[in-house]
Amino acid sequence: MKNVWIIGSLVLVLLISGCTAPPKATAPGDTAGLPVKTAPPPEETAVILPMTATVLNEDFAFNPQVLVIARGGTVTWRQKDSDKHTVTGSGFDSPELSQGQTFSHTFSEVGVYEYGCKLHPVMKGTIIVK
Ligand SMILES: [Cu+2]
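Each chain has its residues counted from 1, running along the sequence as written. Per-residue local features are limited, in this predicted model, to residues with pLDDT of at least 70; the limit for side-chain atom pairs, both in listing and counting, is 80 or more; totals at the level of whole chains, interfaces and linings are taken over all residues. Excluding hydrogens and water, the side-chain values take into account all heavy atoms of the structure.

A. Seen up close, the sheet that holds strand E5 (residues 88-89). Pairing between two strands requires that DSSP report at least two bridges joining them. Under the scheme used here, helices are H or I runs from DSSP no shorter than 4 residues and strands are E runs no shorter than 2 residues, and both carry numbers assigned from the N terminus. Pairing is mixed in the open sheet, where five strands are placed in the order E3-E9-E8-E5-E6. Two strands in the sheet have a free side with no partner beyond their single neighbour: strand E3 (66-69) and strand E6 (92-93). Pairing of E3 with strand E9 (residues 124-129) involves four bridges; the strand directions are parallel. In the sheet register, Val68 faces E9, and the bridge partner there is Ile128.

B. Structural context of the coordination of the copper ion. At 1.9 to 2.1 Å from the copper ion lie its protein donor atoms, namely His85 (ND1), Cys117 (SG) and His120 (ND1). Sites may look incomplete, because water is not among the atoms used; the donor set itself consists of N, O and S atoms within 2.8 Å of the metal (3.2 Å for Na, K and Ca). Of note, the donors binding the copper ion are all from one chain and are spaced H-x31-C-x2-H. The rule is simple: take the accessible area with a 1.4 Å probe, protein chains only, and divide by the maximum for that residue type; under 20% is buried, over 50% is exposed, in between is partly exposed. The buried category is assigned to Cys117, whose relative accessible area is 5%. You can call His120 buried: its relative accessible area is 16%.

C. Summary view of the side chain of His120. Among the structural elements, His120 can be located in the loop between strand E8 (111-116) and E9. By definition, residues are in contact when any of their heavy atoms lie within 4.5 Å. Aside from chain neighbours lying at most four places away, what touches His120 is Phe60, Asp83, Lys84 and His85.

D. Local environment of the side chain of His85. Mapped onto the secondary structure, His85 falls in the loop between strand E4 (73-79) and E5. We call two N or O atoms a polar contact when they sit within 3.5 Å, provided that within protein one can donate a hydrogen and the other can accept it, with sequence-adjacent residues counted only if both atoms are side-chain atoms. Polar contacts involving the side chain of His85 include one to the side chain of Asp81, which spans 2.8 Å. Apart from residues no more than four positions distant in its own chain, His85 is found in contact with Asn57, Phe60, Gln79, Ser94, Pro95, Glu96, Leu97, Cys117, Leu119, His120 and Met123.

E. Expanded view of the environment of Gly91. By the secondary structure assignment, Gly91 is in the loop between E5 and E6. Classification of Gly91 as exposed rests on a relative accessible area of 67%. Measuring from C-alpha to C-alpha, the distance between Gly91 and Tyr115 comes to 9.8 Å, with 24 residues separating the pair along the chain.

Laid out in structure tokens, this is it:
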């Protein structure tokens, strides 16, 4: 019997709340009386930027060519080609790297850093620091 009373109360509450007038539109135009639809808030998206990332020097290209990292993050370039390469950009310049060698740089300032290889001008890459 107690359950019936609870369900009855819930129905009553729903009926009362359902009888309230729909919100009036305040926008210009003849929309008075129409229920106002509000778009649901956009889903929150979080982009987590890596603090460390590796770029491979292979086949005369930097892979990935464009890399996004968090401010304060460190990028390590790993040289996989048999030819020597450098990692040369604004504020960083590696020696000529042989196969198997690595070079790391920590990016403490937000910005777009374009870089390349001094030995092969066709090799270009970009580090975006956010
Ligand atoms: Cu090179």
